[in-house]
Amino acid sequence: MGRIEWAMWANEQALASGLILVTGGVVAVAAQFKGWPFAAYAIAAGVFVCLLEYPRGKRKKGSTMERCGQKYLTAVVKVFGPITRNYYVRAILHAALAVPAGFLLSTILGTACLGIASAIYLLAAIRGEEWNPIEQKPQERPQVGGGTIKQPPAMPPPRPPADTRKKPPAEVAGQENPIPVTIEAE
Amino acid sequence: MLGLGLCISRASASVLNLNCSLVLLPMCRILLAFLRGSQKVASKKTRRLLDKSKTFHVTCGVTICAFSVLHVAAHLVNVLNFSVNYTEEFLALNAANYHGEDPRKLLFTTVPGLTGVLMVLVLFLMCTASTYAIRLSNYDIFWYTHNLFFVFYVLLLVHVSGGVLKYQINLEEHPPGCFHPNTTLQEDIPVAGILEEPFPEYTPEPFQAEPEPFVQNNVVRICTEEPKFQSHFPETWLWISGPLCLYCAERLYRYIRSYKPVTITSVISHPSNVLELRMRKENFKAKPGQYIILHCPRVSALESHPFTLTMCPTDTKATFGVHLKIVGDWTERFRDLLLLHSNQDTEILPNFQQRNYPNDDWQCYKLRRLYFIWVCREIQSFRWFADLLCMLHNKLWQENRPDYINIQLYLSQTDGIQKIIDEKYQVLNSRLLIGRPRWKLLFDEIAKCNRQKTVGVFCCGPNEISKVLHKLSNSSNSYGTRFEYNKESFS
């Protein structure tokens, strides 16, 4: 369990909570419940949370799957610098946004879910995680050989034979299999 | 009292009943493996269907989420209506304690309300942790939260025992719409209109035949006693108890069976971070294509991971083996335990469970020729099975069947320097190609050489390759060759 990145899970939770808030708010406003201003607030807060959480942050290790079309929102979120990068800020922000929605019945579940997301963000912040934008990879040069060769040879011919070329000393050549391999007769 | 909210919540509850019971069934893996391997289920279609059990489980899960949203929304409206439409006339039907009671209080202080809220939170945690991105990057979160399903089921069993839903038991003595001589009618309910107003929560079947005679006769029956109501029997218990018992039995069986010891006979280190583990266990039978799940309590008490068998036990030799790639923290710790602390008494032996038959379908093909295509990133990776391949090739050469196996090795990433695997593997060196395989050309060539035959395609690799191969297998070719696609799955 040592290398869990909590921020990714908190991100999913916050996105889902935003949607729950919007749904609850829409139901209350449409049915004109008593106290529907809270519902209108919930819709606005839900939309804001969704927009903020849509771009996924970059993982520390390995590649991160981007959400569809997230690069536009990444550019916007990146602009705010440390406010969006720090997860303590996000934890407090989500906790604060969640509270007013708790006064109306239909948005109460959104409050609970956003509260949980805020707690997980706090955990992520304590463990030192940060939001880093996923940058676009540089344009790859046009593929040679129909895309089958990933890296064409760097040196032009004639290329000297293998043993005279500078090669990083790799493993010892000729690994001996300690246990002889046999083929089982079927 | 409740109107539409009742209908939607009851309907979605029925769907949820069905799905909550079905979702457990694909996870009874030993039962599925037994069904898949038994002689009675010989049809290939059934076996392929059983292979998709994980997809079925995911579908049921998604349906549970979708209908829970509907169910919760409808019940929130119901709670509001219980409070607003508090009726003095039929006190037993009320869920609220007085008119205008705060619906939030109703939600949190009644048993169904509270368990419902907790179930939503558990479901929320489970769903957000089950997305593809999380499973790919942090499998642990998915695994540990998914084990909360047990809490979910306990809450569900309590949720339906609340007894809020009631039906009338003395319909004979007090049919709906009857005239009670001693009470004054409420002003806004005209006598004739009583018949149309739907009575909340009564079983409608006995009433269906009645309405017409009442109106035609123009006689209103006199009721002899007050209506009595009784709670519905929670039918969810009937739906869920079967699969839940089956699943618990299976877990118990797995636990008991995993107690037989496994002896590790050797650990071999291969290049490119691969470890080969050879083990022995009594009465263990396996066929090629199966996988085992290793569980090592010393490394992690809760985690267990599947590995395809690379060597199966035979009649003459009981040793079987797996190759593991050291990629995450579990495998790293496992390797350290095996290599560094190997002088300790190996009691920490991995318990394991033998599992499904992902690529078992090769048995139905009469094997004429085998095309083995292996794509690696580093040249040293080919050493994992280089000996085996060379020996197989030599054996077939001696038996004068050189075209039985067609080996093609591809090195997808090269730094420009010509490399060979090793001098003693000349057979493989001459079959080494630089660059990724061009699947379309390969398929065309295989189709041309095997006209009008059926070719089984077995893929073990990342999803991108799998999609390409699947598409190519399903597309038609001009030689009349049929390709059947199979993918390795650890479901």
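Residues numbered from 1 in each chain as written. Chains lettered and ligands numbered in written order. Predicted model: local features only at pLDDT ≥ 70, side-chain atom pairs only at ≥ 80, totals over all residues. Heavy atoms only, no water.

1. Topic: the overall build of chain B
Next, step 1: Along the backbone of chain B there are 16 helices and 13 strands.
Next, step 2: Residue burial in chain B is summarised as follows: out of 491 residues, 44% are buried.
Next, step 3: Total accessible area on chain B stands at roughly 27000 Å², and carbon and sulfur atoms take up 59% of it. (Helix = DSSP H or I, 4+ residues; strand = E, 2+ residues; numbered from the N terminus. Buried < 20%, exposed > 50% of the residue type's maximum accessible area, 1.4 Å probe, protein only. Areas by Shrake-Rupley, 256 points an atom, 1.4 Å probe, with all protein chains shown as cover.)

2. Some words on the packing of helix 2 (residues 36-53) of chain A against helix 5 (residues 87-98) of chain A
Residue and element names in this part refer to chain A.
Next, step 1: At their nearest, the axes of helix 2 and helix 5 sit 11 Å apart, and the two run at 160° to each other. As judged from the angle between their axes, helix 2 and helix 5 are roughly antiparallel. Viewed along their axes, helix 2 and helix 5 form a crossing whose handedness is left-handed. Packed against helix 2, whose contacting residues are Tyr41, Ala45, Phe48, Val49, Leu52 and Glu53, the element helix 5 presents Arg90, Leu93, His94, Ala96 and Leu97 at the interface.
Next, step 2: Partitioned by chemical class, the residues of the contact of helix 2 with helix 5 number eight nonpolar, one polar and two charged. (Axes fitted to C-alpha atoms, helices over the stretch in contact; angles between N-to-C directions. Parallel < 35°, antiparallel > 145°, perpendicular 65-115°, else oblique. Left-handed = near helix turned anticlockwise from the far one by under 90°. Contact = heavy atoms within 4.5 Å. Nonpolar A, V, L, I, M, F, W, Y, C, P; charged D, E, K, R; others polar.)

3. Describing the side chain of B:His159
Residue and element names in this part refer to chain B.
Next, step 1: Mapped onto the fold, histidine 159 is located in helix 9 (residues 149-159).
Next, step 2: For histidine 159, the side chain forms a polar contact with the main-chain oxygen of proline 112, separated by 2.9 Å.
Next, step 3: Once you skip the residues sitting within four places of it in the chain, histidine 159 turns out to touch His71, Pro112, Thr115, Gly116 and Met119. (Polar contact = N/O pair within 3.5 Å; in protein donor to acceptor, adjacent residues only side chain to side chain.)

4. Here's the deal with the UniProt feature "transmembrane region" (unreviewed entry) in chain A
All names here are of chain A.
Next, step 1: Summarizing the sequence annotation, UniProt attributes the feature "transmembrane region" (unreviewed entry) to residues 38-55 and 95-124 in the numbering used throughout.
Next, step 2: Summarising residues 38-55: 89% helix, 0% strand, and an end-to-end C-alpha distance of 27 Å.
Next, step 3: For residues 95-124, helix accounts for 70% and strand for 0%, while the C-alpha atoms at its two ends are 15 Å apart. (UniProt positions renumbered as here; feature names shortened; annotations may be inferred.)

5. Focus on a nonpolar patch on the surface
Next, step 1: The grouping of A:Val76, A:Val79, A:Phe80, A:Ile83 and A:Val89 at the surface amounts to a nonpolar patch, some 470 Å² of accessible area in total.
Next, step 2: Inspection of the secondary structure assignment puts A:Val76 in helix 3 (residues 71-79). (Patch = residues over 30% accessible without salt bridge, like charges linked within 9 Å, V, L, I, M, F, W, Y side chains within 5 Å. Salt bridge = Lys/Arg side-chain N within 4 Å of Asp/Glu carboxyl O.)

6. Some details on the side chain of A:Arg90
Residue and element names in this part refer to chain A.
Next, step 1: By secondary structure assignment, the location of arginine 90 is in helix 5.
Next, step 2: Among the polar contacts listed, one links the side chain of arginine 90 to the side chain of glutamate 53, at a separation of 3.3 Å.
Next, step 3: Among the polar contacts made by the side chain of arginine 90, one reaches the main-chain carbonyl oxygen of threonine 84 at a distance of 3.2 Å.
Next, step 4: Ignoring anything within four residues of it in the chain, the contact list for arginine 90 reads Leu52, Glu53, Val77, Thr84, Tyr121 and Trp131.

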